[in-house]
Amino acid sequence: MLAFTLGLRFYRSKRYGALARFMSFASITGIAVGVFALIVGLSAMNGFEYELKNRVLSVIPAAEITSNSPYFVNEKECFDSLLSSSDILAVAPVVRTEAVLNNGGNFAPIALLGVDPKKEPKVIDIERFLSVKLDALNTDSENEYGVILGEECARWLNLLAGDSVKVILSNVLKDNNGNPLSRPADAVLKVVGTLKIGGELDASFALISIDSAKSILDIKGPNSFHIKVKDMLNVRDEVLKAAVNFPQSAQLQTWMTTQGKLYHDIQMIRSIMNLVMLLVMAVASFNIVSNLIMAVSEKSREIAVLLTAGATRGLIIRTFTVMGVISGACGTFIGVIVGCILSLTLTPVLSFIESIFNIKLLNPKIYFIDFIPSQLLISDVIMVACCALCMSFIASLYPAVKASKIKPAQELCGN
């Protein structure tokens, strides 16, 4: 308690010179900036990871098995073979093909997915991003098939719910004549709803019912299966284990193939950011060393008086350590408060800046979202604050030990 009282008294002393006051300000500011930047950076990385899982991995299946033939002839046998494994939670048949939408001279290339409105929601949580339920795809008329378009795709083609659009199949899965120059399949689709995820996926694919896809392509079964597994990070091994007795030749693609690089990039950037920001705080902590050394120099006579009055050298070490920790705690407190406030308001603040300067920080045609996300975790705040305080404590040790080695006789006698 005495060490804390003395340290606080020395810290609040008005007898510091201008340079010492500047060094004290610099040390506090440096730590505050480091803590602030690290909290905001980690929150942004948490946000990207959350949005990746919450958005992209909600509409992309964990794994997809695609037939090497035009379609799976023995659909039920394939379906049952996959579900026989305890690692497979759900399976949904899909007809997948590339297509081009045409409306009034505007063209949009898409991935056209024929899905089962009953089974697909068990594999991917896509309905919360739709303006209608998947059951709306079953409202096919004699000459039109229902389709759900990505919002960006619908905007590009100037389409609204109830409008019709022509679809041209760019790679027909079944060609009875075997002629690659034969006329591609086409059909008229009626827009029954839109899909809004908030990134490139809004412009990249459309949904129709699996029966409509079979009819358009003139095939008798699905050409793909969407699969949901227990462990997303071990998806390949789980599906391969389940497909050991798969009855038909097929290819496997997992979310790690399409989005895994993005996931690993987020983890890598998080690690790099941790290292860089910790180095920033370490550099700021060196200002504490400079500040305390100057304080020791200016307070040498007071230290000598304390030692003469019976203060132990351990008390002097604790006193100046307290001074350094107080500087670090002030910087940490400021950085935590400002960092938390900005992390909680990062998305609207950056959206406001985008509107003011008419810029787009994330292009939805390139990135999987079109905004900067943020998710503040208390564990990150505690970790950053503890690291900053530990660095402040370590940085205070050398000046504190130096202060304890002052010789009272030399200081008081002026020798």
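Structure shown above.
Residues numbered from 1 in each chain as written. Predicted model: local features only at pLDDT ≥ 70, side-chain atom pairs only at ≥ 80, totals over all residues. Heavy atoms only, no water.

Draft legend 1. Layout of a nonpolar patch on the surface. On the surface, a cluster of nonpolar side chains totalling about 650 Å² of accessible area is made up of Val349, Phe352, Ile353, Ile356, Phe357, Ile359 and Leu361. Locating Phe357 in the fold gives a position in helix 12 (residues 346–357). Given a relative accessible area of 58%, Phe357 falls into the exposed group. (Patch = residues over 30% accessible without salt bridge, like charges linked within 9 Å, V, L, I, M, F, W, Y side chains within 5 Å. Areas by Shrake-Rupley, 256 points an atom, 1.4 Å probe, with all protein chains shown as cover. Salt bridge = Lys/Arg side-chain N within 4 Å of Asp/Glu carboxyl O. Helix = DSSP H or I, 4+ residues; strand = E, 2+ residues; numbered from the N terminus. Buried < 20%, exposed > 50% of the residue type's maximum accessible area, 1.4 Å probe, protein only.)

Draft legend 2. Layout of the packing of aromatic side chains. One pass over the full model with this rule turns up 3 aromatic pairs. Between Phe72 and Phe225, the ring centres sit 4.9 Å apart and the planes meet at 35 degrees, which makes this aromatic pair tilted. Here the residue Phe72 occupies a position in the loop between strand 1 (63–67) and helix 3 (75–83), and Phe225 occupies one in strand 8 (residues 224–229), the gap between them amounting to 153 residues. Accessibility classification places Phe72 together with Phe225 in one group, the buried group. Ring centres of Phe72 and Phe246 lie 5.7 Å apart, and the angle between their planes is 85 degrees; this geometry places the pair in the edge-to-face category. Taken together, the positions of Phe72 in the loop between strand 1 and helix 3 and Phe246 in the loop between helix 7 (235–242) and strand 9 (250–254) put the pair 174 residues apart, joining distant regions of the chain. A relative accessible area of 1% places Phe72 in the buried class. (Phe/Tyr/Trp six-rings, centres within 6.5 Å; stacked < 30°, edge-to-face > 60°.)

Draft legend 3. How the structure looks around the state of the cysteines. The tally for this structure, following the rule as stated, stands at 0 disulfides. Its sulfur unpaired, Cys386 is 6.4 Å from the next cysteine sulfur, which belongs to Cys390. The partly exposed category is assigned to Cys386, whose relative accessible area is 43%. (Disulfide = S-S within 2.5 Å.)

Draft legend 4. Region of the structure containing the nonpolar core. Core analysis: the largest hydrophobic core is formed by 55 residues, its most contacted members being Ile126 and Leu207. With 8 residues, helix 2 (residues 18–59) is the single largest residue contributor to this core. In contact with Leu207, other than residues within four places in its own chain, are Leu113, Val115, Ile126, Leu130, Leu134, Leu137, Gly146, Val147 and Ile148. In terms of nonpolar packing, the next biggest core, distinct from the first, is built from 29 residues, Leu38, Phe320, Val384 and Ala385 among them. (Core = buried A, V, L, I, M, F, W, Y, C linked by side-chain atoms within 4.5 Å. Contact = heavy atoms within 4.5 Å.)

Draft legend 5. Representation of unusual backbone geometry in the model. A positive phi angle is found at Asn158, which is not glycine, with a value near 55 degrees. Within the secondary structure, Asn158 is located in the loop between helix 5 (151–156) and strand 5 (164–169). At Asp218, a residue that is not glycine, the phi angle is positive and equals roughly 60 degrees. Examined against the element boundaries, Asp218 turns out to sit in the loop between helix 6 (210–217) and strand 8.

Draft legend 6. Seen up close, the packing of helix 10 (residues 300–308) against helix 11 (residues 313–344). One can describe the packing of helix 10 onto helix 11 by two numbers: an axis separation of 10 Å at closest approach and a directional angle of 145 degrees. The two elements helix 10 and helix 11 meet at a crossing, and its hand is right-handed. Side by side, helix 10 and helix 11 meet where Ile303, Leu306 and Leu307 of the first sit next to Arg313, Ile316 and Phe320 of the second. (Axes fitted to C-alpha atoms, helices over the stretch in contact; angles between N-to-C directions. Left-handed = near helix turned anticlockwise from the far one by under 90°.)

That's the geometry; what it means functionally is another story.
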